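What follows is each chain in one-letter form.
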Amino acid sequence: MRKFSKKTLAILITIIVFSSLFTVVYAAGGYKTVKAWIGGISIYNNGAMVSGAKEPVIIEGSTYVPLRMMANIFDKDIKWDGRTRSISITNKPGSTVMELMQKLADKDRQIQILEARIKSLGGGSLDDLEKKLDNDYDEYKDVNFDINLSGDKDNIKLKIEVDLDKDKSEWRDLSDDDIEDYIKDIIDDIDDVFDDADIEGYIKDEDSNDKLVKFDKKHNKSLDIDMDVEDNEDLDDLEKELEDDYDSYKSIKFDINLDGDEDDIEVEITVDLDKDEDDWKDLDYDDIKDYIKDIVKDIEDEFDDADIEGYIEDEDSNDKLVEFKKDDGKDLDIDLEDSDIISRDDLNDLKDYLNKRYDNYKSVKFELYPTEKDGDIEVKIYTDLSKYGDDWEDLDDDDIEDYVDKVVDKVNDEFKGIDVKGYIKDEDENDKLVEFEKEDGKDLDVDIEESNNDKKDLDDLEKKLDDDYDKYKDIRFDIKLSGDEDDIKVRIEADLDKYDDEWEDLDRGDIKDYIEDIIKDIEDEFDDADIEGYIKDEDSHKKVVEFDKKDGHRLDIDIDDIDDKDDDDDDDDDDGKLEKGDGEGPM
């Protein structure tokens with residue numbers, strides 16, 4: 001930081017003080033000869049040199065600077081009055097540091113006042129604000145009110161109730177201006193806490209449910225108050241009937257409110273989960289559907305052309321638990337926000353339908369099990385590749401995606417708004433062949449673990465192996481390959497009922513040789529692959545041999561119920577080694 005000399009600092013302070021407080025007036029005087037030092041004096045303002053038409057001078061040890069130069073530096077107005085021989089130095093409007101600091105201080109005080117106001121109104125919580133409003137505005141000109149807030153920080157619904165059985169005369173004494181002032185004060189308090197919110201609401205007689213006043217305050221727009229609310233007697237009468245008939249259901253207390261007109265009716269149903277949470281959790285989807293369906297039916301009996309929509313809401317948290325919609329001429333649509341509520345009967349019905357409609361696809365047999373998991377529907381689909389492996393491998397990716405898409409579409413038809421996920425698994429090997437997921441409102445995602453479009457090389461190799469190794473020591477074998485270039489599974493099947501004697505004649509060396517030759521041919525085509533497989537009795541499905549050959553490791557063979565005939569000669573005996581074209585090798 002650049003420092004001023006003591007002399008310069010004294011000059012600056014003097015100019016600031018005098019320019020802020022005084023007008024300089026010259027007394028009567030005359031000319032005087034003085035001795036002055038001129039030149040070599042520099043003035044800097046915040047590190048920048050300031051120059052002018054006239055230079056500063058030093059007279060008798062004091063430095064004199066042109067007044068206009070300093071006035072420009074400090075952003076002052078300067079005026080010479082020749083008649084009075086006086087100089088006026090004044091602040092430019094709004095330009096002084098002191099004025100700016102004063103404005104900042106005023107703003108800080110306003111912020112502190114607003115923050116204190118917000119804190120007094122509940123600190124930003126709808127529940128706390130509701131309590132504050134209910135304390136401050138529960139009585140106005142001898143009329144008692146009950147205030148309720150719902151919604152969120154962007155959309156707030158303000159419901160004010162009055163009991164005209166008790167306060168009818170006092171209510172009638174209120175003028176429109178009184179009512180408008182009362183509502184405006186409440187809206188202003190809400191705006192102080194939620195300044196971006198749209199606010200709408202009404203004042204209602206709690207006994208008759210007649211709306212007396214409606215109001216609406218959009219963000220950054222004026223408050224709109226409708227004092228001339230025409231009572232919809234039919235809707236009010238229906239609301240009373242619904243309250244009488246449906247205020248209690250399976251030990252749960254509900255409060256029902258209708259709004260709208262004969263063409264569009266909104267149904268607001270509230271429940272207190274603090275009191276009835278356990279009973280609510282005991283409800284299943286069918287219970288909720290039946291309750292809403294009966295209410296909607298009663299409304300349609302009175303207003304048969306109306307579009308109806310509504311919700312069930314927790315009155316304490318304002319969380320919507322269920323939303324429903326019934327447009328004229330269309331089916332009732334129910335969306336459970338708490339999607340843990342899924343009918344077991346509906347799941348069983350879905351299972352029955354899926355297993356009748358989608359248990360067979362292009363000769364592949366499937367078993368389907370829809371279940372509820374974490375609020376979603378999971379569809380587990382099983383097939384047996386030991387029986388349907390050939391047919392499965394004949395499917396391409398489009399076939400598989402088409403099958404999954406049909407299954408998922410049916411699930412979505414039954415459970416609207418629910419996410420669906422699942423898999424297709426080989427029940428014999430427990431390997432997942434396909435995984436899929438369909439989030440509500442998004443496209444179906446299908447992940448095929450083994451892409452059936454990319455198996456040409458593996459299929460060609462399979463045909464070659466089946467040609468070369470389909471017969472060994474008079475036993476007929478069937479060879480199937482699956483997997484990809486990194487992991488290959490070899491399934492070898494034989495009818496051991498038919499070739500029981502020939503199988504018994506084999507020793508471990510024979511089987512080892514047979515498998516080693518197959519492995520070698522596979523490695524010639526896929527030299528980096530891990531290979532595993534088995535030999536299985538095609539009738540009993542019992543695995544009699546299992547083998548594993550990791551890339552860079554030795555072949556590991558596990559043989560069941562085969563005795564070594566010449567254990568000492570196994571390593572040197574080549575009699576059982578498979579030789580292509582020797583008459584006992586592969587045909």
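Scroll up a little and you will see the structure.
Residues numbered from 1 in each chain as written. Predicted model: local features only at pLDDT ≥ 70, side-chain atom pairs only at ≥ 80, totals over all residues. Heavy atoms only, no water.

Bringing the overall build of the protein chain into the picture now. When you go through the protein chain residue by residue, the secondary structure sums to 15 helices and 34 strands. Every one of the 587 residues in the protein chain was classed for burial, and the buried ones make up 39%. (Helix = DSSP H or I, 4+ residues; strand = E, 2+ residues; numbered from the N terminus. Buried < 20%, exposed > 50% of the residue type's maximum accessible area, 1.4 Å probe, protein only.)

Turning to the sheet that holds strand 12 (residues 198–205), a few remarks are in order. Strands sit in the order 9-10-11-12-13-14 across an open sheet of six strands; the sheet is mixed. The outermost strands of the open sheet, each flanked by one partner alone, are strand 9 (139–140) and strand 14 (223–226). Pairing geometry for strand 11 (residues 155–162) and strand 12, over eight bridges, is parallel. In the sheet register, Asn155 faces strand 12, and the bridge partner there is Asp198. Most of the contacts of helix 4 (residues 126–136) go to strand 10 (residues 143–151), to which it runs at about 170°, and overall it touches strand 10 and strand 11. (Pairing = 2+ DSSP bridges. Contact = heavy atoms within 4.5 Å. Axes fitted to C-alpha atoms, helices over the stretch in contact; angles between N-to-C directions.)

This part covers the sheet that holds strand 19 (residues 320–326). Taking strand neighbours across the sheet as the criterion, the six strands line up as 15-16-17-18-19-20 in an open arrangement whose pairing is mixed. Only two strands of the sheet have a single neighbouring strand rather than two, namely strand 15 (248–249) and strand 20 (333–336). By the bridge criterion, two bridges tie strand 15 to strand 16 (residues 252–260) in an arrangement that is antiparallel. Considered in strand 16, the bridge of Tyr249 is made with Ile252. Relative to strand 16, helix 8 (residues 273–282) is tilted by about 110°, and along the sheet it contacts strand 16, strand 17 (264–271), strand 18 (307–314) and strand 19. Contacts from helix 9 (residues 285–302) reach strand 15, strand 16, strand 17, strand 18, strand 19 and strand 20 within the one sheet, and its direction differs from that of strand 19 by about 45°.

What follows covers the pattern of salt bridges. Counted according to the given criterion, the structure contains 32 salt bridges. Between Asp390 and Lys480 there is a salt bridge, with its nearest N and O atoms 2.8 Å apart. A residue pair is termed long-range when its members are at least 10 positions apart, and Asp390 in helix 11 (residues 385–394) and Lys480 in strand 30 (residues 478–483) qualify at 90 residues. Residue class for Lys480 comes out buried when judged on its relative accessible area of 17%. Residue Glu429 is joined to Lys489 by a salt bridge in which the shortest nitrogen-to-oxygen separation is 3.5 Å. Linking Glu429 in the loop between strand 25 (420–426) and strand 26 (432–438) with Lys489 in strand 31 (residues 487–494), this pair joins segments that are 60 residues apart in sequence. The pair Glu429 / Lys489 is uniform in exposure class, with both members buried. Through salt bridges with shared partners, a single ionic network connects Glu429, Asp431, Lys489 and Lys543. (Salt bridge = Lys/Arg side-chain N within 4 Å of Asp/Glu carboxyl O.)

Mapped onto the fold, Ile38 is located in strand 2 (residues 36–38). For the pair Ile38 and Pro56, spaced 18 residues apart in sequence, the C-alpha separation works out to 7.0 Å. Sequence-distant contacts of Ile38, defined by excluding residues within four places in its chain, comprise Glu55 and Val57.

Formed by 32 residues in total, the largest nonpolar core has its most connected members in Trp280, Tyr291 and Ile312. Elements supplying a minimum of two residues to this core: helix 7 (233–246), strand 16, strand 17, helix 8, helix 9, strand 18, strand 19 and strand 20. With seven residues, the single largest contributor to this core is helix 9. (Core = buried A, V, L, I, M, F, W, Y, C linked by side-chain atoms within 4.5 Å.)

As a further point, take the pairing of strand 30. Bridge analysis of strand 30 against strand 31 gives six bridges, and the strand direction is antiparallel. Residue pairing in the sheet places Ile479 in a bridge with Ile492 of strand 31. The turn linking strand 30 back onto strand 31 is made up of three residues.

With that settled, consider the environment of Trp503. Along the chain, Trp503 falls in helix 14 (residues 500–505). Owing to a relative accessible area of 6%, Trp503 belongs among the buried residues under this scheme. For the pair Trp503 and Ile475, spaced 28 residues apart in sequence, the C-alpha to C-alpha distance is 7.3 Å.

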